[in-house]
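Reading the structure
Residues per chain are reported as follows:
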There are 2 protein chains.
Amino acid sequence: MALYVQKFGGTSVGSIERIRAVAEKVKRFREDGHQIVVVVSAMSGETNRLLGLANDISEEPNPRELDVLVSTGEQVTISLLSMALQSIGVEAVSYTGAQVCIHTDTAHTRARISHIDTDRLRRDLDAGCVTVVAGFQGMDENGEITTLGRGGSDTTAVALAAALKADECQIYTDVDGVYTTDPRVCAHARRLDAITVEEMLELASLGSKVLQIRSVEFAGKYNVPLRVLSSFEEGPGTLIVAEEEHLSTHNMEAPQISGIAFSVNEAQITLRKMPDVPGIASRILGPIAQANIEVDMIIQNIAIEDERTDFTFTVSKQDFRQACRLLEEQVVPTLGGELRGNERIAKVSLVGVGMRSHAGVADQMFRTLAAEGINIRMVSTSEIKISVIIDEKFTELAVRALHTAFGLDAEPREV
Amino acid sequence: MALYVQKFGGTSVGSIERIRAVAEKVKRFREDGHQIVVVVSAMSGETNRLLGLANDISEEPNPRELDVLVSTGEQVTISLLSMALQSIGVEAVSYTGAQVCIHTDTAHTRARISHIDTDRLRRDLDAGCVTVVAGFQGMDENGEITTLGRGGSDTTAVALAAALKADECQIYTDVDGVYTTDPRVCAHARRLDAITVEEMLELASLGSKVLQIRSVEFAGKYNVPLRVLSSFEEGPGTLIVAEEEHLSTHNMEAPQISGIAFSVNEAQITLRKMPDVPGIASRILGPIAQANIEVDMIIQNIAIEDERTDFTFTVSKQDFRQACRLLEEQVVPTLGGELRGNERIAKVSLVGVGMRSHAGVADQMFRTLAAEGINIRMVSTSEIKISVIIDEKFTELAVRALHTAFGLDAEPREV
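Bear in mind the structure is a predicted one, so any value in this text is a computation, not a measurement.

Calculation notes
- Residues numbered from 1 in each chain as written.
- Chains lettered and ligands numbered in written order.
- Predicted model: local features only at pLDDT ≥ 70, side-chain atom pairs only at ≥ 80, totals over all residues.
- Heavy atoms only, no water.
- Helix = DSSP H or I, 4+ residues; strand = E, 2+ residues; numbered from the N terminus.
- Rg over C-alpha atoms; globule rule 2.2 N^0.38 Å.
- Buried < 20%, exposed > 50% of the residue type's maximum accessible area, 1.4 Å probe, protein only.
- Contact = heavy atoms within 4.5 Å.
- Areas by Shrake-Rupley, 256 points an atom, 1.4 Å probe, with all protein chains shown as cover.
- Lys, Arg positive; Asp, Glu negative; His and termini not counted.
- Charge placed at Lys NZ, Arg CZ, Asp CG, Glu CD.
- Buried area = accessible area lost by both parts, 1.4 Å probe.
- Salt bridge = Lys/Arg side-chain N within 4 Å of Asp/Glu carboxyl O.
- Polar contact = N/O pair within 3.5 Å; in protein donor to acceptor, adjacent residues only side chain to side chain.
- Nonpolar A, V, L, I, M, F, W, Y, C, P; charged D, E, K, R; others polar.
- Expected span 1.5 Å × (residues − 1).
- Arc of directions from axis to C-beta.
- Phe/Tyr/Trp six-rings, centres within 6.5 Å; stacked < 30°, edge-to-face > 60°.
- Lys NZ or Arg CZ within 6 Å of the ring centre and 35° of its normal.
- Pairing = 2+ DSSP bridges.
- Axes fitted to C-alpha atoms, helices over the stretch in contact; angles between N-to-C directions.

For chain A, the count of helices and strands is 13 helices and 20 strands. Its C-alpha atoms give chain A a radius of gyration of 24 Å, within 12% of the compact-globule value 22 Å for 415 residues. Judged by the C-alpha coordinates and their principal axes, chain A covers about 75 × 60 × 35 Å. Sorting the 415 residues of chain A into buried and exposed places 54% on the buried side. Of all intrachain contacts in chain A linking residues separated by at least 6 positions in sequence, the fraction that spans at least 24 positions is 74%. Only carbon and sulfur atoms are counted for the fraction: they give 47% of the accessible area of chain A, which is about 18,600 Å². Between the centroid of the 40 positive side chains of chain A and the centroid of its 59 negative side chains there is a distance of 2 Å.

Next comes the structure, spelled out in structure tokens:
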């Protein structure tokens, strides 16, 4: 007998039929003798409908009232799923975030969970009852309704799994696991049986939006085994585990690379011939940070001639124009230099804890891209990741070439 | 400065535009220096939408889960109205039934309010803040969400007015007050400036569905001045008051009758030639009560010949066939008698505390009907009401004739 926390997102509970299907799935786990906590999101479209009402009423809706409003979305789902379970003979009870005592700080619309009282859930579970908990929401110390921000239902599930010391936190989505890369770009993309938390964080932040970053961090911090699997198909999904465990499940020929992420959502900004003096980076990026623009890669090479250097960084495409304007207005007039920008770039990243113990990953990456005639504009590395910036038009070609070169291609299926 | 509890029903908050209009109305009261507690229902149609989802999921939805579900309807409205108030510069804060501590018993879907903690509301009101409270819902001693049953928002408003000792509880509806009779039947129907709680109870139970009976009872019990008025038009509405106060506001020529109610929703059942022995009434009505069929009028006249009597009662039309079947199966075989039924009847009632001190009301009623050639099939009286059963086809004629005969017609308006 195991204790599972199972999270179903908005698409998985998007209609009466789908809620019924979730109930059938939960029933099978109960029949196998497991204890189940279900965490659900609002039915797909509902949160946007509610936000639409708020925006119709007010240009700047009050965050406290927004939380009162949107938290109704999950409240509807928990009651409907509980009814669906009861109607097929499974004992079930629903709880809002406040009722099940998911305590958060007071930061409305982006609250963080502080602690969870599990007494009530334990009593229900020991009595053989499925507990259905509203994701995404909690209660602050004043009894105010709070929400955790978009995607917060994953965080709720992981936090509950940690508090209950669950055997596994299962995140049901519309994909059947984490893939070596986007199957829409590379037909040979393969589902991973397992991946480490670190790798998952790199893949998530690079655009593989299977799981919310916060929930993965949470799972790593509290050592919660996290599994991504499909709501609609049977299958083992992908297990996201602490590193040591992951490696022990692999044979000696562990792959160097777990996956390839890519993003075409960034733009590159370069300031050429900047004075190479201390504090230059913060003087360039200060105005950018003040405008709340997030910077991803930052590259500054050593100065070669006349004490001048080129400073390059990337921002998301939507912030590109504003960032350029800020630099033109606030940086170039005092520091000099030439502003160059490029919106037609892509970032392609190899991710894998295996690359730590294997030399030559970067070399193999560069050779593979060169063989395809793809020029590398920027390089940035971390312990388990190598990212390159290339021309946007080469994105798919680069991903497919690297996928094959690093042995990630799926075995051809027998027809 | 006064403290008002203002309740707006589903139609009054049925769209973004109407919620804005409610906010403007509340703002005017605030600008006059009054303290305001607003109680709102779910947006019109929302409760039915939610119940539809529940019925799609389950044939017999669990009452606890139903309450979790439908209580979201009011929660959406409180947040939207609070935002609307804030957006026009009125400080406002929303509360669910649980947050504002409306304590109820544990009877899901038809809970009764036990008590209300008003500390939080008082603090907000004293700070100049409009409090927007979800009607229709509360919390039981275990922290479970409960609802008060349909129309419970009126009850919430009156209960809050009682707990806060408000100067007036104002129920905003889609009519501009309580009328002497239904204006669709009688063009001369007149809005009443004031009416007593007792009269209102008789009128409400007879089909003038302006207010929920429970909220009127509540207002009478706790001596809360209750006013019915229009959400959409300006006007004083109708004040519902304790009797003494009401009478003191009338001049010496107080009318005998306040209003005329009617219902075509009843059917008559007669058992002829029943044995006139003790216990006969309960032996006839026992099977009816056991089937949860509500009986309205009951008439048994004295036995005249051969110790046999006729026993007549009325039930709602929808229960008529079932009631007849029960009697045929369970009563006639053992007690004998002949079963006679009539679905084509109407009940017309004169209501007024004034009739207590005026003899001859019944006589005038009978003479008026006789003059129109309307035969009276049954008569039943209480201290402030006389009801007659007549043929359904004479309903409108009877109402109009009585309205004129008892001096209720509005003064002709100048054109």
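Having seen the model, we can carry on.
On the chain B side, the residues contacting the 41 residues of chain A number 41 residues. With both chains or domains summed, chain A and chain B bury close to 3,100 Å², and 58% of this area falls on carbon and sulfur atoms. It is A:Ile57, A:Glu65 and A:Met83 in chain A that bury the most area against chain B; as a group they hold 22% of the surface buried on that side. At the boundary of chain A and chain B, one finds four salt bridges. In this structure, A:Glu46 engages B:Arg49 in a salt bridge whose closest nitrogen and oxygen atoms are separated by 3.9 Å. Run the count over chain A and chain B and you get 14 residue pairs in polar contact (both at pLDDT 80 or more). Mapped by element, the contributors of at least two residues to the side of chain A that touches chain B are helix H1 (16-31), helix H2 (46-57), helix H3 (63-87) and strand S3 (92-95) of chain A. Considering only residue class, the side of chain A that touches chain B consists of 19 nonpolar, 14 polar and eight charged.

The subject of this paragraph is H2(A). For H2(A), built from twelve residues, the straight-helix expectation of 16 Å at 1.5 Å per residue is met to within 8% by its first-to-last C-alpha distance of 17 Å. When H2(A) is considered as a whole, its buried residues turn out to be A:Glu46, A:Thr47, A:Leu50, A:Leu53, A:Ala54 and A:Ile57. Projected down its long axis, H2(A) shows its buried positions confined to an angular sector of 120°, all on one face. Packing partners of the buried residues in H2(A) comprise H3 of chain A together with helix H1 (16-31), helix H2 (46-57) and helix H3 (63-87) of chain B.

The full count for this structure, using the stated rule, is eight aromatic pairs over all chains. Geometrically, the ring pair formed by B:Phe218 and B:Tyr222 is tilted, given 5.4 Å between the ring centres and 45° between the ring planes. Of the residues examined, B:Tyr222 reaches a relative accessible area of 45% and is grouped as partly exposed. Looking at A:Arg64, its charged tip hangs above the ring of B:Tyr95, at a distance of 5.6 Å from the centre.

This paragraph deals with the sheet that holds strand S1 (residues 3-8) of chain B. All names here are of chain B. Strand order in this open sheet of eight strands is S3-S6-S2-S1-S9-S11-S12-S10, and the pairing throughout is mixed. Since the sheet does not close on itself, it has two edges, and those belong to strand S3 (92-95) and strand S10 (194-196), each with one partner. Across the sheet, the mean angle from the axis of one strand to that of its neighbour is 20°, orientation sign disregarded. In the sheet, strand S2 (residues 35-40) pairs with strand S6 (residues 130-134) via four bridges, with the strands oriented parallel.

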